[in-house]
Amino acid sequence: MDPRKDVIEERLQGIKRIIAITGGKGGIGKTSIATLLALKFAEKHKKVGLFDLDFSGPSAHILLNKKKFDFPEEENGIIPPTVHGIKFMTIVDYTKENPSPMRGIDVTNAILEILAITRWDKLDYLIIDMPPGISDPALDIMKMIKRAEFIIAATPSKISIPEVANTIKFLQNTKKSIMGSVINMIFKGSAQLEEKLEELDVDVLAKIDFDEDYEDAVGNIAKLRQTAFAQKIEEMTKELPFRK
Ligand SMILES: Nc1ncnc2c1ncn2[C@@H]1O[C@H](COP(=O)(O)OP(=O)(O)OP(=O)(O)O)[C@@H](O)[C@H]1O
Ligand SMILES: [Mg+2]
């Protein structure tokens, strides 16, 4: 029995809702959705945290244009630095953008450790940027953060539909709560994906077009806030699952 597992529950107890952004394949918009959602909540004066738990490909700091990496302050735990009104925890504060190759149990230990030492204190929302699909570290996080609710990022590509369907089925089989799906990078409709989501009884929370100007906004907060992507995330936060 690892005592850190009990500590995690305690560390998270001041958080009202934990929302994890997951999906099937990589590169489908998880980090963008997680970061824009956190920025939106901060704009609405909610107490919000953003936890980049994608250790092998952390990238929320790039969207947020965080370039200074210092060891976060410590006081009976680690206090996440505040970036654009968001309490933001990323492994990059420790790796300084160097590679952090970890295998098997080392990843599990790193996730356990960071969850056990981070002091979120009181939050309205903690947004988690998840590693892809049902990969090893994603399974660890799903097990360690029991009350996380999931938003499924999905793209309409035929190649990605079976994988996202499997993530959904896994979450449903393990009795996790799914808030709904954000369909991203639409360029020729999304009928096939929507059919699949309906079959799996997953609501569509937002539909976001592929936007060739989006890349220009990455790392530029003012521009990011003006993207159609951000607009859709704003509309989404007015939907029922967010008003609980
Ligand atoms: N709607 C969109 N239009 C255009 N480009 C987009 C859109 N959404 C995301 N992108 C781009 O696609 C890439 C992947 O997005 P993002 O990093 O948010 O996805 P991810 O699922 O977190 O990826 P990873 O699996 O690598 O963590 C990024 O370069 C991002 O700028
Ligand atoms: Mg990502």
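Scroll up to find the structure.
Throughout this document, residue positions are counted from 1 along each chain, in the order its sequence is written. Starting at A for chains and at 1 for ligands, labels are handed out in the order in which the entities are written. Local features in this predicted model are restricted to residues whose pLDDT is 70 or higher, and side-chain atom pairs enter the listing and the counts only when it is 80 or higher, whereas totals over whole chains, interfaces and linings include all residues.

### Some thoughts on helix H5 (residues 104-117)
Defined as follows: Under the scheme used here, helices are H or I runs from DSSP no shorter than 4 residues and strands are E runs no shorter than 2 residues, and both carry numbers assigned from the N terminus. In a helix, the anticipated span is given by 1.5 Å times the number of residues less one. To sort residues by exposure, count the other C-beta atoms lying within 10 Å of each residue's C-beta; 20 or more gives buried, 12 or fewer gives exposed, and values between give partly exposed, all with C-beta atoms placed from the backbone. Taking the helix axis as origin, the arc is that swept by the directions to the C-beta atoms.
Spanning 14 residues, H5 covers 21 Å between terminal C-alpha atoms, matching the ideal 20 Å at 1.5 Å per step. When we look at burial in H5, the residues that qualify are Ile111, Leu115 and Ala116. Down the axis of H5, the buried set is contained in an arc of 125 degrees. They therefore lie on one face. Exposed and facing more than 90 degrees away from the buried side of H5 are Asp106 and Glu113.

### Brief notes about the sheet that holds strand S7 (residues 177-186)
Rules: Strands are labelled as partners when DSSP assigns at least two bridges between them.
If you walk across this open sheet you meet the 8 strands as S3-S4-S2-S5-S1-S6-S7-S8, and the pairing is mixed. Both outer strands of the open sheet, strand S3 (82-83) and strand S8 (204-209), are each paired with one neighbouring strand and no more. Of the pairings in the sheet, the one linking S3 to strand S4 (residues 86-90) comprises 2 bridges and is antiparallel in character. If you follow Thr82 over to S4, its bridge partner there is Lys87.

### A short note on the site of ligand 1
Note the threshold: For each residue, a C-beta atom is positioned from the backbone; the residue is called near a molecule or strand if that atom sits within 6 Å of it. Residues are grouped as follows: Ala, Val, Leu, Ile, Met, Phe, Trp, Tyr, Cys and Pro are nonpolar; Asp, Glu, Lys and Arg are charged; all remaining types, including Gly, are polar.
Near ligand 1 lie 20 residues; those nearest to it are Gly26, Lys30, Thr31, Ser32 and Tyr214. The element contributing the most residues to the shell around ligand 1 is helix H2 (residues 30-43), with 3 residues. Within the shell around ligand 1, the residues separate by chemical class into 8 nonpolar, 8 polar and 4 charged.

### Considering the nonpolar core
Here is the rule: Here a nonpolar core is just a set of buried residues of the types Ala, Val, Leu, Ile, Met, Phe, Trp, Tyr and Cys, joined wherever their C-beta atoms sit within 7 Å. Note on contacts: residues are paired as contacts if their backbone-placed C-beta atoms lie within 7 Å.
By size, the foremost hydrophobic cluster in this structure holds 62 residues, and its most contacted members are Ile21, Ile33, Ala38, Leu50, Ile127, Ile128 and Ile151. When residues in this core are grouped by element, the largest group, 8 residues, is from H2. Residues in contact with Leu50, not counting those within four places in the same chain, are Ala34, Thr35, Ala38, Ala60, Ile86, Phe88 and Ile127.

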